[in-house]
Structures are given as structure tokens and as C-alpha cells.
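One-letter residues, chain by chain:
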There are 2 protein chains.
Amino acid sequence: MNPQRFHQQIEFLAEIDKVKRIDRNTVLMDASRKENDAEHSWHMAVAVMLLLEYFDEKALNLGKVFKMVLLHDIVEIDAGDVFAYGNADYSEKAEREKKAAKRIFGLLPQEQCKEFLSIWNEYEECVSGEAKFAQALDSFMPILHNYRTKGLQWRKLGVTSDKVLARNRCYPQSRP
Amino acid sequence: MNPQRFHQQIEFLAEIDKVKRIDRNTVLMDASRKENDAEHSWHMAVAVMLLLEYFDEKALNLGKVFKMVLLHDIVEIDAGDVFAYGNADYSEKAEREKKAAKRIFGLLPQEQCKEFLSIWNEYEECVSGEAKFAQALDSFMPILHNYRTKGLQWRKLGVTSDKVLARNRCYPQSRP
């Protein structure tokens, strides 16, 4: 074992503990509190197992889908969570997230940094089947949460069915 | 799409939202609050990606390891979290968890229930390489949390280094 390499891996594991403290604009299904990014990523990863059959299962690399889902929100440690149905400046968001990816994945040993960055970029570009499936789930999960809580959070934030339909009509595609 | 099948899958996804409310005896690395099972499972799954290289990487089915890690604590919805360094009755724990697995995975369509149960059983039996790797990470993560918080939670709960070493000396093996 290379001690410096192991040290870098442990520093990364410690850094991403912060993902557990990034609150989202979604509440738990019992409406007790907001969900955070770590919980969301875990829930999405289980949804991968359940719902893979509705996609072209044999064409997808399952391991890669899991990796995308697990890593997709880590950049929000620096860049923050941007509400999908808000009025954020998405060009600025993309820049912030790229910078965050470089810093956070940069904590890793070089070739792991390269792998993680490549998986995250592929997710963001939303061209491959794996990325389309993962992004579809990323949009589906808040819909399910709002459905189960009778739209609690979306009512509060003024998210109308028009907005939800418009965002998800032509899906999956590259998106802000 | 079979609507009844889809309905079962959605009910399962809603049921496991409860995993986000199962607190563990580990605190976040900033010591701000207890960690929950969903956050722990996500963190473990990222650790899989990072630390796979220290195991016999080519002999392991990565997809299966991810599935084990993602599912391993779902039974705690019914059975509760049992502290690894406590004085629980582990035979009773095993029975409670088996019953929980039957009920919770039983919400799924039949063959998915069978798959999830089989993955969970394989993890619990801790014989396959995948299960040994996943269980080693399950023990490693609280060690890392306690290391980063200067033993905060373990001091509070009277977990001595003797206990930690004894539990992890001969690892991985089938364990309570």
C-alpha cells in the first residue's frame, strides 16, 4: 500500500461527508424535514436497481450508472444545490460546478480523479444512455416526493404542473 | 408497462424513505448530529469505488457490491439499528432482521423480491468476496468517523480500542 495514495483517498472520503449537510428543496415523504444530497443519492441508487427494466437494460453499464448517481451531487459541496424549478442563472451554475469538480475530485490520486471527473462530465453532458437514465431518475425522485406529500413543497415554492411538465416533457436531454 | 408491477416498485421506493430517519451511533465528521442509515449507505458506496483496489478487484462483481451496500441496512426500518459495540442480543437481532427483510422486500414484484433477498442474505452470510468487502467497509466507516472526530462518540459510549481491535482483528468473517 502506498501511504500517500491511501491518505488522499481518506481525505476525499472525509471531504464528501459534507454532502450530508447539503439540504435540497425536497422534503422527506413524512414531511418531517428537508432531504439532503447524500440521502437523495442513496435513494436514487436504489431506484436504479428497481427501474432499470424500463430502459434499454442490456445496453447500459450498470456499474457506471451507480457511479454517476453516487457522484452526481458531490460538486454541490462548493457550488450549492440549485433548485430545478427556480430562476437560477444556469450558465453560472455550470461554471461553479466545473470548478468544484476540479477541486473536490482533485483531492484524489491522479487516475482516480480522472475517472471520477470523466463519470461526472458524462453525467452532465447527458448524451450516453447511462447519463440519460441517471438524469431521468434525478428528475423523477422529487416528483415522487411531491406526489407522496401532496405537493407540499412545490405548493410552497410555486411550482405548477405546467413547470413540471415543461421541464420533463422532452426527457432525457442535456439540461441546465 | 404493467401498472400493478410499477405500483409495487413505487410503494417500495416510498417505504424505504424511512431509512433516512434511522439514526446511527455515529456522528457526522463535523460532529453536528448523528448520521442516518441512508447517508451511511451512500458514503459506503462511494468508499467501494475508492477502496476496491485493496481487495481482489478482478474477482469481485462490482455491481453486486454496490447492491449489497445500498440494501444492507433497509431491514433496520423494522429491526432498528443495533450498535456494533453494544451488548445487544445478536441472535434476536438476526431473527428480527430476517422478518423485516421478508416484509420489506416482499413489497416488490416477486422476482425482484427474490433478487433483493438473495443479495441481502449473501451480505449477511459474509462468505462471498463481495460480502466480505462490503462488511469490511461497514466496519471501517465508523472507525473513520470516530478517528476524524477524535473518538467523540466512542468515548461517550465507552468503546475502548480493545473492543474495536477485538471486533476487527480477524476480519472479514461472518459476524453478529
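Predicted model, so just to flag it, every value in this text is computed and none were measured.

## A word on the overall build of chain A
Along its length, chain A carries nine helices and two strands. Tracing chain A from N to C terminus, the helices and strands come up as α-β-β-α-α-α-α-α-α-α-α. When the backbone C-alpha atoms are referred to their principal axes, chain A occupies close to 55 × 35 × 30 Å. Buried positions account for 54% of the 176 residues belonging to chain A. Restricting to contacts in chain A with at least 6 residues of sequence separation, those with at least 24 account for 65%. Just so you have it, chain A exposes about 8200 Å², and 52% of that area is on carbon and sulfur atoms. For chain A, the distance from the average site of its 26 positive side-chain charges to the average site of its 27 negative ones is 3 Å.

## Quick look at the relation of the copies chain B and chain A
Copy one and copy two of the chain differ by a rotation about a common axis and a shift along it. Turning chain B through 180 degrees and shifting it by 0.0 Å along the axis lays it on chain A, with an RMSD of 0.0 Å. Overall, the copies show the geometry of a two-fold rotation axis. Comparing interface residues between copies, 100% of those in chain B also sit at the interface in chain A, which points to an isologous, same-surface contact.

## Some remarks on the UniProt feature "domain: HD" (unreviewed entry) in chain A
Per the UniProt entry, the sites bearing "domain: HD" (unreviewed entry) are residues 16-167 of chain A in this numbering. Across residues 16-167 of chain A, the secondary structure splits into 62% helix and 5% strand, with the terminal C-alpha atoms separated by 29 Å.

## Re the interface of chain B and chain A
The parts lose accessible area when they come together, and the size of an interface is often stated as this lost area. Taken together, the contacts link 49 residues of chain B with 49 residues of chain A. In this assembly, chain B packs against chain A so that about 4400 Å² is buried in total across both faces, 71% of it on carbon and sulfur atoms. The largest per-residue losses of area from chain B upon contact with chain A belong to B:W42, B:M49 and B:L50, which jointly make up 18% of the total buried on that side. At the junction of chain B and chain A, the tally comes to eight salt bridges.

## As for unusual backbone geometry
Residues other than glycine seldom take positive phi values, yet A:K150 does so here, at roughly 50 degrees. With respect to the secondary-structure elements, A:K150 resides in the loop between α7 (129-148) and α8 (152-157). For B:A31, which is not a glycine, the phi torsion comes out positive at approximately 60 degrees. Here B:A31 lies in the loop between β1 (23-27) and β2 (34-36). Judged by relative accessible area, B:A31 falls into the partly exposed class, the value being 36%.

## Examining the pairing of strand β1 (residues 23-27) of chain A
Residues and elements named next belong to chain A. Along β1, four of the five residues are buried, which leaves the element largely enclosed by surrounding structure. Across two bridges, the pairing between β1 and strand β2 (residues 34-36) is antiparallel. Residue V27 lies in a different strand from β2, and its bridge partner there is K34. Connecting β1 to the next strand, β2, in antiparallel fashion are six residues, including A31 with a positive phi near 60 degrees.

## Remarks on the packing of aromatic side chains
Under the definition given, this model contains 15 aromatic pairs over all chains. Centroid distance B:F83 to B:Y85: 6.0 Å. Interplanar angle 70 degrees. Geometry classified as edge-to-face. According to the relative accessible area criterion, B:F83 is buried, its value standing at 18%. One aromatic cluster is present, formed by A:F12, A:F105 and A:F116 through successive ring pairs. Its end group placed over the ring of A:Y85, A:R167 keeps NZ or CZ at 5.6 Å from the ring centre.

## Examining helix α6 (residues 110-125) of chain B
Residues three or four positions apart in an α-helix share a direction because the helix packs 3.6 residues into each turn. Residues and elements named next belong to chain B. Taking 1.5 Å of rise per residue, the 16 residues of α6 would be expected to cover 22 Å, and the 22 Å separating its terminal C-alpha atoms lies within 8% of that figure. Of all the residues in α6, the buried ones are Q112, C113, F116, I119, W120, E122 and Y123. One or two residues past the end of α6 sits C126, with phi positive at roughly 55 degrees.

## Details of the side chain of B:S41
Note on placement: B:S41 falls in helix α2 (residues 37-51). For B:S41, the side chain forms a polar contact with the main-chain oxygen of B:D37, separated by 2.8 Å. Dropping the residues within four chain positions of it, B:S41 is found in contact with A:W42, B:V69, B:L70, B:H72 and B:D73.

## Re the nonpolar core
Counting residues in hydrophobic clusters, the biggest one holds 92 residues, and the most contacted among them are A:F12, A:I74, B:F12 and B:I74. Once residues within four sequence positions are removed from consideration, B:I74 is found in contact with A:W42, B:F12, B:I16, B:V19, B:I104 and B:F105.

## As for the pattern of salt bridges
Applying the stated criterion to the full structure yields 34 salt bridges over all chains. The residue A:K20 makes a salt bridge to A:D17 at a minimum N-O spacing of 2.6 Å. Using a relative accessible area of 2% as the deciding quantity, one classes A:D17 as buried. A salt bridge links A:E53 to B:R5, with the shortest nitrogen-to-oxygen separation between them at 2.6 Å. Separated into two different chains, A:E53 in the loop between α2 (37-51) and α3 (62-71) and B:R5 in helix α1 (residues 3-15) make up a pair that spans both. Take A:E53: its relative accessible area is 27%, and that puts it in the partly exposed class.

The rules behind the values
- Going along each chain's sequence as written, the residues are numbered from 1 onward.
- Each chain is given a letter, starting from A, and each ligand a number, starting from 1, according to the order in which they appear as written.
- The model is predicted, so local features are restricted to residues of pLDDT at least 70 and side-chain atom pairs to those at 80 or more, both for listing and for counting; the totals for chains, interfaces and linings are taken over all residues.
- As a rule here, side-chain values come from all non-hydrogen atoms in the structure, and water together with hydrogens is ignored.
- Numbering goes from the N terminus for both helices and strands, where a helix is a DSSP run of H or I of at least four residues and a strand is a run of E of at least two.
- Three exposure classes are used, based on accessible area relative to the maximum for each residue type with a 1.4 Å probe and protein chains only: buried under 20%, partly exposed in between, and exposed over 50%.
- Note on definitions: a residue-residue contact is assigned when non-hydrogen atoms from the two residues lie within 4.5 Å.
- Here, Shrake-Rupley sampling with a 1.4 Å probe gives the accessible areas, and only protein chains in the shown set may cover a residue.
- In summary, the charge assignment counts Lys and Arg as positive and Asp and Glu as negative, without counting His or the chain termini.
- Working definition for charges: the position is that of NZ of Lys, CZ of Arg, CG of Asp or CD of Glu.
- Least-squares fitting of one copy onto the other uses the C-alpha atoms of those residues that reach a pLDDT of at least 70 in both copies.
- UniProt positions are given in the numbering used here, feature names are shortened, and annotations may be inferred rather than shown by experiment.
- Summed over both partners, the accessible surface that disappears when two parts come together, traced with a 1.4 Å probe, is what is meant by buried area.
- By salt bridge we mean one thing: a side-chain nitrogen of Lys or Arg within 4 Å of a carboxyl oxygen of Asp or Glu.
- Pairing between two strands requires that DSSP report at least two bridges joining them.
- Here is the rule: rings of Phe, Tyr and Trp (six-membered ring for Trp) pair when centre to centre is within 6.5 Å. Planes less than 30 degrees apart are stacked, more than 60 are edge-to-face, and the remainder are tilted.
- Only Lys NZ and Arg CZ are tested; either one counts as a charge over a ring when it is within 6 Å of the ring centre and within 35 degrees of the ring normal.
- The span one expects for a helix is its residue count, reduced by one, times 1.5 Å.
- Two N or O atoms count as a polar contact when they lie within 3.5 Å, although within protein this holds only if one can serve as hydrogen donor and the other as acceptor, and sequence-adjacent residues are included solely when both atoms are side-chain atoms.
- Working definition of a nonpolar core: buried Ala, Val, Leu, Ile, Met, Phe, Trp, Tyr and Cys residues. They are joined through side-chain atoms within 4.5 Å.

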